[in-house]
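# Summary of the model geometry
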Amino acid sequence: MPLKEWGRELLAQCAPAAARLDALLGGAAYRDAVQAAFSAIEEPDTVPSARVLHAMQRNHGGSYVRFVLAESLLHRASLLATPLPPRIEDEFSNLARASSTKQRQIEAQDRVDFETYRKNYLDPQNLKI
């Protein structure tokens, strides 16, 4: 059986369940999802994975790594260009200050030199080996 035919058959079997869920929960989200899956079977070039593969071939010589790097840089630029709301920025600043204060307190209470700490840390009895 061809894959498309099998996919259509499976989705046709899902349609009554989707209709029932929509009837129980209201709306048409489940029927829409089944319809979207039908569309993906009929036009596989429209699904996200196909768009990624096309972009990789067209813009990045088929290299997934180059594609991901380019997308990462685009997203980074977009995020940096979008300022945080002042309330969120203040909250992050307060969290950073509290974290630094707590770190200083922990370090001030530490009375063991690093070499002693390292030896204790690597001691097989402490590693539970």
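Calculation rules
Residues numbered from 1 in each chain as written. Predicted model: local features only at pLDDT ≥ 70, side-chain atom pairs only at ≥ 80, totals over all residues. Heavy atoms only, no water. Helix = DSSP H or I, 4+ residues; strand = E, 2+ residues; numbered from the N terminus. Buried < 20%, exposed > 50% of the residue type's maximum accessible area, 1.4 Å probe, protein only. Contact = heavy atoms within 4.5 Å. Axes fitted to C-alpha atoms, helices over the stretch in contact; angles between N-to-C directions. Parallel < 35°, antiparallel > 145°, perpendicular 65-115°, else oblique. Nonpolar A, V, L, I, M, F, W, Y, C, P; charged D, E, K, R; others polar. Phe/Tyr/Trp six-rings, centres within 6.5 Å; stacked < 30°, edge-to-face > 60°. Polar contact = N/O pair within 3.5 Å; in protein donor to acceptor, adjacent residues only side chain to side chain. Salt bridge = Lys/Arg side-chain N within 4 Å of Asp/Glu carboxyl O. Left-handed = near helix turned anticlockwise from the far one by under 90°.

Further remarks concern the side chain of His60. Within the secondary structure layout, His60 lies in helix α3 (residues 48–60). On the accessibility criterion, His60 (14% relative accessible area) is buried. Residues in contact with His60, not counting those within four places in the same chain, are Ala55, Arg66, Phe67 and Ala70.

We now examine the packing of α3 against helix α4 (residues 64–81). Direction vectors running N to C along α3 and α4 enclose 95 degrees, while the axes themselves pass 9 Å from each other. When the axis of α3 is compared with that of α4, the two are roughly perpendicular. When α3 is examined against α4, the residues Val52, Ala55, Met56 and His60 are found in contact with a partner set consisting of Tyr64, Arg66, Phe67 and Ala70. Partitioned by chemical class, the residues of the contact of α3 with α4 number six nonpolar, one polar and one charged.

Counting across every chain of the model gives two aromatic pairs. Here the aromatic rings of Phe114 and Tyr117 are separated by 6.3 Å at their centres, their planes lie at 35 degrees, and the arrangement is tilted. In this pair, Phe114 and Tyr117 are both assigned in helix α6 (residues 114–122), three residues apart and thus about one turn of the helix distant. Residue Phe114 is classed as exposed on the basis of its relative accessible area, which comes to 61%. Taking the relative accessible area as the measure of exposure, Tyr117 reaches 48% and is therefore partly exposed. An angle of 25 degrees between the planes, with centres 5.9 Å apart, marks the rings of Tyr117 and Tyr121 as stacked.

Our next topic: the environment of Glu115. You can see Glu115 is positioned in helix α6. Glu115 sits in the partly exposed class, given a relative accessible area of 34%. One polar contact links Glu115 to Arg118, side chain to side chain, over a distance of 2.5 Å.

Evaluation of the coordinates by the stated rule reveals four salt bridges. We note a salt bridge from Arg31 to Asp22, for which the minimum N-O separation is 3.0 Å. With its nearest N and O atoms 2.5 Å apart, the salt bridge here joins Arg118 to Glu115. Note that Arg118 and Glu115 are positioned in helix α6 at a spacing of three residues, about one turn of the helix. Under the relative-accessibility criterion, Arg118 is labelled partly exposed at 33%.

This part is about the packing of helix α1 (residues 3–25) against helix α2 (residues 29–42). Orientation of α1 relative to α2, taken along the N-to-C sense of each, is 165 degrees, at an axis distance of 7 Å. In terms of orientation, α1 and α2 fall into the roughly antiparallel class. α1 and α2 meet at a crossing whose hand is left-handed. For the pair α1 and α2, the contacting residues are Lys4, Gly7, Arg8, Leu11, Ala12, Cys14, Ala18, Ala19, Leu21, Asp22 and Leu25 in the first and Ala29, Tyr30, Arg31, Val34, Ala37, Phe38, Ile41 and Glu42 in the second. Considered class by class, the residues forming the contact of α1 with α2 number 13 nonpolar, one polar and five charged.

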